[in-house]
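Here is what each chain is made of, one letter per residue.
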Amino acid sequence: MLKNSLYKGVKKTDALVARGYMRLLRNERKALIVFLVHSLFKDQSEIAKGYVAPQQCITIALFRELIENLLDADYRFISHKDILQGLNSGGKYVLLTFDDGYVNNQRVLPVLNEFSIPAVFFISSNHILKNRAFWPDVLYRGRKKQGRSDRSIKAESASLKSLSHQGINEYLLNAFGPESLTPVGEIDRPFTPGELKVFASESPHVFIGNHTADHAILTNYDEKGIRDQVSGCQEALSTIAGNKPEAIAYPNGNYSQGVIDICREYGLQIGITLDAKKNYLPIRPGSKAAMRICRFIPDAYSPISKQCLAFRSDTNMIVENTLRSVKSRLKWFS
């Protein structure tokens with residue numbers, strides 16, 4: 001309780017300091033800012049159905065607001081290929097990313113086409129090939145039916161992240177039965193291979209990336225397991241989408257030097273984490289920075305305009321270091 005309260009307090013202070021910094025100084029270092037979205041909802045009524053874990057609750061309207069806010073701040077939207085070609089160190093850039101492979105991500109296509117901006121979609125290939133539901137959604141809707149609180153479900157979800165994908169699947173099957181890994185509808189299901197093939201080819205603004213074969217948290221695997229997950233996804237997506245991915249988003253943001261070295265062996269030159277920071281330029285393809293690109297997670301729980309000010313602020317590096325110090329010093333409270 002104390003640990004969580006202090007952590008939330010530092011995060012709240014982070015947002016206040018960042019917004020004050022931007023409003024008072026009106027200055028920001030040129031950088032690349034990367035954003036993550038999972039599901040994309042039509043509206044609040046779709047979210048309220050409870051089929052999908054409420055990770056961000058981003059609607060199409062909120063996503064559009066995010067884009068417009070950053071365009072107003074003179075940011076240029078890029079793809080990972082622009083990073084590989086080299087970014088001008090005097091520019092301000094945004095990379096939009098979607099993780100997992102939800103079919104509801106198709107809803108973004110009209111927005112991308114309207115603004116003529118790209119996005120990278122990181123796909124877990126076996127979810128596509130086997131029509132398998134994403135495990136956080138399975139856990140969430142199963143426990144909600146049992147009357148569990150969101151806080152309890154979040155803690156249980158965190159505990160599962162130390163397991164392999166096989167371990168997580170076995171846990172869910174034992175908890176909720178043999179049909180639990182099957183999607184329940186259009187909101188929570190992944191693309192089919194045919195849908196992904198069309199999606200990847202019908203717009204020049206869509207790019208496909210690796211998110212491992214089974215949404216595998218790679219630091220939970222031995223070398224062979226890492227290789228199987230990375231190479232399996234590379235091969236599957238190359239067959240489905242027509243091009244071998246050049247970028248990977250590490251599931252749960254977990255990576256190590258060993259993971260990075262294996263990713264490079266399979267042709268991956270960009271690695272995306274969940275470290276919440278701006279990416280200062282230059283970023284050289286294949287470099288340490290290119291394989292550890294940081295990413296923010298916007299959500300529906302505070303105004304997008306305020307979040308964007310915090311994301312653009314250069315106070316984030318200081319606050320992140322403070323957070324790490326707080327968490328390490330409070331481990332004994334766990």
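Residues numbered from 1 in each chain as written. Predicted model: local features only at pLDDT ≥ 70, side-chain atom pairs only at ≥ 80, totals over all residues. Heavy atoms only, no water.

A count of helical and extended segments in the chain gives 14 helices and 8 strands. In the chain, buried positions account for 53% of the 334 residues. Taking all contacts inside the chain whose residues are at least 6 apart in sequence as the whole, residues at least 24 apart take part in 69%. Here the chain has roughly 15,100 Å² of accessible surface; of this, 51% comes from carbon and sulfur atoms. (Helix = DSSP H or I, 4+ residues; strand = E, 2+ residues; numbered from the N terminus. Buried < 20%, exposed > 50% of the residue type's maximum accessible area, 1.4 Å probe, protein only. Contact = heavy atoms within 4.5 Å. Areas by Shrake-Rupley, 256 points an atom, 1.4 Å probe, with all protein chains shown as cover.)

This brings us to the nonpolar core. Counting 41 residues, the largest nonpolar core has F35, F63, L70, L96, F121, L196 and I208 as its most contacted members. With 5 residues, the single largest contributor to this core is helix α3 (residues 60-72). The residues touching F35, leaving out its near neighbours within four places in the chain, are L66, L70, V94, L95, L96, T97, R295, F296, P298 and F311. By size, the runner-up hydrophobic cluster in this structure holds 19 residues, among which are V120, F122, A247 and A249. (Core = buried A, V, L, I, M, F, W, Y, C linked by side-chain atoms within 4.5 Å.)

Our next topic: the pattern of salt bridges. Counted by the stated rule, this structure contains 19 salt bridges. As a salt-bridge pair, D228 and K224 come within 2.8 Å of each other at their nearest N and O atoms. Of this pair, D228 and K224 both sit in helix α11 (residues 223-241), 4 residues apart, roughly one helical turn. Relative accessible area serves as the criterion here: at 40%, D228 is assigned to the partly exposed category. (Salt bridge = Lys/Arg side-chain N within 4 Å of Asp/Glu carboxyl O.)

Together, E65, E68, D72 and D74 give the surface a local cluster of negative charge. By the secondary structure assignment, D74 is in the loop between α3 and β2 (76-78). Relative accessible area serves as the criterion here: at 63%, D74 is assigned to the exposed category. (Patch = residues over 30% accessible without salt bridge, like charges linked within 9 Å, V, L, I, M, F, W, Y side chains within 5 Å. Lys, Arg positive; Asp, Glu negative; His and termini not counted. Charge placed at Lys NZ, Arg CZ, Asp CG, Glu CD.)

Most of strand β1 (residues 31-37) is tucked away: 7 of the 7 residues are buried. Residue alternation in β1 divides its side chains into two sets, A31, I33, F35 and V37 and L32, V34 and L36, and both sets are buried. Relative to strand β8 (residues 279-280), β1 is paired through 2 bridges, and the arrangement is antiparallel. Each residue of the ladder has a partner; that of A31, found in β8, is Y280. With 6 bridges connecting them, β1 and strand β3 (residues 93-100) associate as parallel partners. Counted as the bridge partner of V37 is F98 from β3. (Pairing = 2+ DSSP bridges.)

With an omega dihedral of 5 degrees, the bond running from L281 to P282 counts as a cis peptide bond. Note on placement: P282 falls in the loop between β8 and α13 (304-312). Phi at C57 is positive, roughly 60 degrees, even though this residue is not glycine. Locating C57 in the fold gives a position in the loop between α2 (44-48) and α3. Residues other than glycine seldom take positive phi values, yet H215 does so here, at roughly 50 degrees. On the secondary structure map, H215 appears in the loop between β5 (206-210) and α11.

At a minimum axis separation of 11 Å, helix α7 (residues 135-145) and helix α9 (residues 165-176) run at an interaxial angle of 20 degrees. Viewed along their axes, α7 and α9 adopt a mutual orientation that is roughly parallel. Judged by the sense of rotation from one axis to the other, the crossing of α7 with α9 is left-handed. Contacts from W135, V138, L139, G142 and R143 of α7 reach α9 at I168, Y171, L172, A175 and F176. (Axes fitted to C-alpha atoms, helices over the stretch in contact; angles between N-to-C directions. Parallel < 35°, antiparallel > 145°, perpendicular 65-115°, else oblique. Left-handed = near helix turned anticlockwise from the far one by under 90°.)

The next point concerns the side chain of N210. Its location among the elements puts N210 in strand β5. Separated by 3.1 Å, the side chain of N210 and the backbone oxygen of V230 make a polar contact. Setting aside anything within four residues of it in sequence, one finds N210 in contact with F122, I123, V230, C233, Q234, L237, P245, A247, I248, A249 and L268. (Polar contact = N/O pair within 3.5 Å; in protein donor to acceptor, adjacent residues only side chain to side chain.)

This next bit is on the confidence of the model for the chain. Per-residue pLDDT for the chain averages 90, and the proportion of residues at 70 or more is 86%. Every residue in residues 1-8 scores below 50 in pLDDT, and together they form 9 contacts with partners more than four places removed in sequence or on other chains. Under a pLDDT of 50 for its full length, residues 327-334 has, in the predicted model, 6 contacts with residues more than four places off or in other chains. (pLDDT = per-residue confidence, 0-100.)

It is worth spelling out the packing of α7 against helix α8 (residues 150-160) at this point. Contact pair α7 / α8: the axes reach a minimum separation of 10 Å and the direction vectors enclose 145 degrees. Of the two elements, α7 crosses α8, and the hand of that crossing is right-handed. Contact residues: α7 offers W135, L139, Y140, R143 and K144, while α8 offers D150, I153, E156, S157 and L160. Grouping the amino acids of the contact of α7 with α8 by side-chain chemistry returns 5 nonpolar, 1 polar and 4 charged. (Nonpolar A, V, L, I, M, F, W, Y, C, P; charged D, E, K, R; others polar.)

We now examine the pairing of strand β4 (residues 119-123). Across the 5 residues of β4, 5 count as buried, placing the element largely inside the fold. Side-chain alternation along β4 places A119, F121 and I123 on one buried face and V120 and F122 on a second face that is also buried. Bridging between β3 and β4 involves 4 bridges; their strand directions are parallel. Directly across from D100, in β4, lies its bridge partner I123.

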